[in-house]
Amino acid sequence: MSTPLTPYLPLAVVLLLSGVLALIIPTLAGLLGPRRPSAVKSMNFEAGSESSGLARQRFAVKFYVVALLFIVFDVEAVFLYPWAVNFQALGWFGYVEMLVFAATLVVGLIYVWKKGALDWES
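Residues numbered from 1 in each chain as written. Predicted model: local features only at pLDDT ≥ 70, side-chain atom pairs only at ≥ 80, totals over all residues. Heavy atoms only, no water.

Each helix and strand in the protein chain was counted, giving four helices and zero strands. In summary, the protein chain has a C-alpha radius of gyration of 25 Å against a globular reference of 14 Å for 122 residues, an excess of more than 25%. When the backbone C-alpha atoms are referred to their principal axes, the protein chain occupies close to 65 × 60 × 25 Å. Total accessible area on the protein chain stands at roughly 11200 Å², and carbon and sulfur atoms take up 72% of it. (Helix = DSSP H or I, 4+ residues; strand = E, 2+ residues; numbered from the N terminus. Rg over C-alpha atoms; globule rule 2.2 N^0.38 Å. Areas by Shrake-Rupley, 256 points an atom, 1.4 Å probe, with all protein chains shown as cover.)

Written out as structure tokens, the structure reads:
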């Protein structure tokens, strides 16, 4: 007997299995994992060095600008790979489109550079 929901049965099984695993794995890790607490293991840890300052301190906007730039150029790489794979099939139209895309990113990078967003000293 077929119902409108029959095609979604595999999806339901995967979701159920992932939910069960999400409960079982941490439970087993907590039960079977080693328990050897020490003073050194209980210390606060920050990137391999002693913690300094408050956890609620403000960060400069430059940190966020650099993070946004990283995301922009990471997205560029995501678009660049499929274009390179289909380079011959796209022909000159695809080439010009990628030049426009890359030029837009370069103009944006020059703008950010000229504004001083990449200068850490100032």
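Anyway, onward from the coordinates.
Before going further, it helps to spend a moment on the packing of aromatic side chains. Scanning all chains against the criterion turns up four aromatic pairs. Measuring from ring centre to ring centre gives 5.6 Å for W92 and Y95, while their planes differ by 90 degrees; the resulting arrangement is edge-to-face. Here W92 pairs with Y95, and both are found in helix α4 (residues 87-115), just three residues apart, close to one helical turn. With relative accessibility at 31%, the residue Y95 sits in the partly exposed group. (Phe/Tyr/Trp six-rings, centres within 6.5 Å; stacked < 30°, edge-to-face > 60°. Buried < 20%, exposed > 50% of the residue type's maximum accessible area, 1.4 Å probe, protein only.)

Along the chain, K114 falls in helix α4. Sequence separation between K114 and A47 is 67 residues, and the spatial gap between their C-alpha atoms is 32 Å.

We now examine the UniProt feature "transmembrane region" (unreviewed entry) in the protein chain. In the numbering used here, UniProt assigns the feature "transmembrane region" (unreviewed entry) to residues 12-33, 63-84 and 90-113. For the annotated span residues 12-33, helix accounts for 95% and strand for 0% of the residues, and the straight-line distance between the end C-alpha atoms is 31 Å. For the annotated span residues 90-113, helix accounts for 100% and strand for 0% of the residues, and the straight-line distance between the end C-alpha atoms is 33 Å. (UniProt positions renumbered as here; feature names shortened; annotations may be inferred.)

Helix length check: α4, at 29 residues, gives a terminal C-alpha distance of 35 Å against a target of 42 Å (1.5 Å per residue), a shortfall beyond 12%. Where α4 bends most, the angle comes to about 75 degrees, and this point is F93. Those residues of α4 not exposed but buried are G94, M98, L105 and V112. Summarising the contacts, the buried residues of α4 are in contact with α3 (61-85). Positive phi shows up at G116, right after α4, with a value of about 85 degrees. (Expected span 1.5 Å × (residues − 1). Bend = angle between axes of the 7 residues up to and from the residue. Contact = heavy atoms within 4.5 Å.)

With their axes 10 Å apart at the nearest point, α3 and α4 run at an angle of 165 degrees to one another. Here α3 lies roughly antiparallel to α4, going by the angle between them. Relative to α4, α3 is oriented so that their crossing is left-handed. Contacts from L69, V72, F73, E76, F79, L80, W83, A84 and V85 in α3 reach F87, L90, G94, Y95, M98, F101, L105, L109 and V112 in α4. Each residue belonging to the contact of α3 with α4 can be placed in one class, and the counts come to 16 nonpolar, one polar and one charged. (Axes fitted to C-alpha atoms, helices over the stretch in contact; angles between N-to-C directions. Parallel < 35°, antiparallel > 145°, perpendicular 65-115°, else oblique. Left-handed = near helix turned anticlockwise from the far one by under 90°. Nonpolar A, V, L, I, M, F, W, Y, C, P; charged D, E, K, R; others polar.)

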